[in-house]
Amino acid sequence: MNFNRKHLLGIRELEASEISHLLDTADSFRDVSKREVKKVPALRGRTVINLFFESSTRTRTSFEIAAKRLSADAINISVSTSSVNKGETLLDTARNLEAMAPDCIVVRHAMSGAAHHLARMGKAPIINAGDGSHEHPTQALLDALTIREYKGRIEGLKVAIIGDALHSRVARSNVHLLTKLNASVSIAGPGTLVPDEFAELVDNGLRVERRIEDAIEGADVVMILRIQRERQQEAFFPSMREYAVHYGLRMDHLKRAAPDAIVMHPGPMNRGIEVSSEIADSSRSLILDQVTNGVAVRMAVLYLLAGGARNDADEKGH
Ligand code: CP
């Protein structure tokens, strides 16, 4: 099948078949990063702009590496030294970048809806690299690729998501993706961070729990969320210490999960708060595998949105 979308703004609007196609395409690119010469010509002559208004280690770097492994020219805009500092708006910034004919713009912004705004108002394909508390579609895709790699499937798995779902774009994208692919999902956290209404995010397949133990019971996958201190304007729990006691994942919790349960975290981790180092550094943890798969997923997304198929057709003389 073809991926007939101009933008990747979120998982919510995707069909299950489109998600599977993205994952299959990512699978096909995984091998490139294992070669001695880590480059294919798929996006030769194409230009990718990374426009990050928020801090990032994994997403920004892996989009840049992905673009370069596809032979695209990758341009990183450092917002701190750009004309945003002189008061230029997000839209004017994007329009000026578009005037230089990029083949796509990857954007991360603190405002939920920022990527949709640019997609509506601009011309270039937009890839959402995280917008506020809304969505982080490529994170959910790389999480799914990692689950598929270790479990062979998504359908029928029990996935427990633990922590600050309220502020988490990773949680929203993962809930949409996992339920569309027929996993059974439970989310646990204090009522302030996992409100009961969260269960209404999708039509079915999502359970809200208060106790970490109830969410983890029999889970095949345990996904831990970062406490998003930068998005918390008020106190959502009494103290970090108290949060760690009630919602920090420890080895004894995992006894309730399936014997071969895997543990994931999107990073960056608050060690000793939402996850113990004993777990983060254990053989159950796939945290660095997630990062590795991030390159393959971003190669797939760039290939499908920035003209990879058109390059292939040109090469075949169509
Ligand atoms: N998971 C994730 O988005 O990490 P970064 O903020 O480092 O990109």
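Residues numbered from 1 in each chain as written. Predicted model: local features only at pLDDT ≥ 70, side-chain atom pairs only at ≥ 80, totals over all residues. Heavy atoms only, no water.

**Some remarks on the domain arrangement of the protein**
Note: interface size is frequently given as the accessible area lost on complex formation between the parts. Each domain of the protein was delimited in the assignment, giving domain 1 (16-133 + 291-309) and domain 2 (137-286). Inter-centroid distance (C-alpha atoms) of domain 1 to domain 2 is 26 Å. Taken together, the 27 residues of domain 1 in the interface contact 22 residues of domain 2. Taken together, both faces of the contact between domain 1 and domain 2 bury some 1,900 Å²; the carbon and sulfur share is 58%. Per-residue buried area on domain 1 facing domain 2 is highest for I19, L23 and S133; these three make up 30% of the total on that side. (Domains from an automatic or database assignment. Contact = heavy atoms within 4.5 Å. Buried area = accessible area lost by both parts, 1.4 Å probe.)

**Things to note about unusual backbone geometry**
With omega at -5°, the peptide bond leading from G267 into P268 counts as cis. Note on placement: P268 falls in the loop between β9 (262-264) and α10 (277-280). For S71, which is not glycine, the phi torsion reads 70° and is therefore positive. Summarising the element assignment, S71 is placed in the loop between α2 (58-69) and β2 (73-78). (Helix = DSSP H or I, 4+ residues; strand = E, 2+ residues; numbered from the N terminus.)

**With respect to the sheet that holds β2**
The strands making up a sheet are joined through hydrogen bonds of the backbone, oriented either antiparallel or parallel. What the 4 strands build is an open sheet, ordered β2-β1-β3-β4; its pairing is parallel. What marks the edges here is a single partner per strand, and that holds for β2 and β4 (126-131). Between one strand and the next, the sheet's axes are offset by a mean angle of 15°, whatever the strand orientation. Bridge count for strand β3 (residues 104-109) against β4 is 4 bridges, and the pairing is parallel. Paired with V106 across the strands is I127, a residue of β4. Against the sheet, helix α4 (residues 114-121) engages β3 and β4, with an angle of about 160° to β4. (Pairing = 2+ DSSP bridges. Axes fitted to C-alpha atoms, helices over the stretch in contact; angles between N-to-C directions.)

**With respect to the site of the ligand**
Neighbouring the ligand are S56, T57, R58, T59, R108, H136, Q139, P266 and G267. The side chain of S56 places a nitrogen or oxygen atom 2.6 Å from an oxygen atom of the ligand. Take R58: an N or O atom from its main chain is 3.0 Å from an oxygen atom of the ligand. Burial of the ligand by the surrounding chains reaches 91%, relative to a free accessible area of 250 Å². The residue makeup of the shell around the ligand, split by class, is 1 nonpolar, 6 polar and 2 charged. Two domains each put at least three residues into the shell around the ligand: domain 1 (16-133 + 291-309) and domain 2 (137-286). (Near = heavy atom within 4 Å. Polar contact = N/O pair within 3.5 Å; in protein donor to acceptor, adjacent residues only side chain to side chain. Areas by Shrake-Rupley, 256 points an atom, 1.4 Å probe, with all protein chains shown as cover. Nonpolar A, V, L, I, M, F, W, Y, C, P; charged D, E, K, R; others polar.)

**Some points on the packing of aromatic side chains**
Scanning all chains against the criterion turns up 2 aromatic pairs. Considering the side-chain rings of Y243 and Y247, the 5.6 Å spacing of their centres and the 35° angle between planes classify their relative orientation as tilted. Taken together, the residues span about one helical turn, with Y243 and Y247 both in helix α8 (residues 240-247) at a distance of 4 residues. (Phe/Tyr/Trp six-rings, centres within 6.5 Å; stacked < 30°, edge-to-face > 60°.)

**Focus: the pairing of strand β1 (residues 47-52)**
Remark: a regular strand shows side chains that alternate across the two faces of the sheet. Across the 6 residues that make up β1, a large majority, 6, are buried. Residues T47, I49 and L51 line one face of β1 and the alternating positions V48, N50 and F52 line the opposite face, and both faces are buried. Two elements, β1 and β2, share 6 bridges in a ladder whose sense is parallel. Bridge assignment links L51 to a residue of β2, and that residue is I77. Regarding topology, α2 serves as the crossover connection from β1 to the parallel β2, and that connection is right-handed. Pairing geometry for β1 and β3, over 5 bridges, is parallel. Within β3, the residue paired with I49 across the bridge is I105. (Buried < 20%, exposed > 50% of the residue type's maximum accessible area, 1.4 Å probe, protein only. Right-handed = clockwise from strand over helix to strand, strands pointing away.)

**Comments concerning α4**
Looking only at α4, the buried set comprises A114, A115, L118 and A119. All buried residues of α4 fall inside an arc of 135° around its axis, so they share one side. (Arc of directions from axis to C-beta.)

**Digging into the environment of V275**
Turning to its location among the elements, V275 is positioned in the loop between β9 and α10. Its relative accessible area of 1% is what places V275 among the buried residues. Those residues in contact with V275, other than ones at most four positions away along the chain, are I224, L249, H265, M269, N270 and A280.

**Section: the side chain of H265**
Within the secondary structure, H265 is located in the loop between β9 and α10. Among the residues examined, H265 registers a relative accessible area of 1% and is labelled buried. At 2.8 Å, the side chain of H265 forms a polar contact with the backbone nitrogen of G267. In contact with H265, not counting residues within four places along its chain, are I224, L225, R226, E274, V275, I287 and Q290.

**Observations regarding the packing of helix α3 (residues 90-98) against α4**
Close contact between α3 and α4 brings their axes to 10 Å; oriented N to C, the two are set at 50°. The angle between the axes of α3 and α4 places the two elements in the oblique class. As α3 runs across α4, the sense of the crossing is right-handed. Residue-level inspection shows L90, L91, A94 and R95 of α3 in contact with α4, the latter providing A114, H117, L118 and M121. Residues that form the contact of α3 with α4 fall into these classes: 6 nonpolar, 1 polar and 1 charged. (Parallel < 35°, antiparallel > 145°, perpendicular 65-115°, else oblique. Left-handed = near helix turned anticlockwise from the far one by under 90°.)

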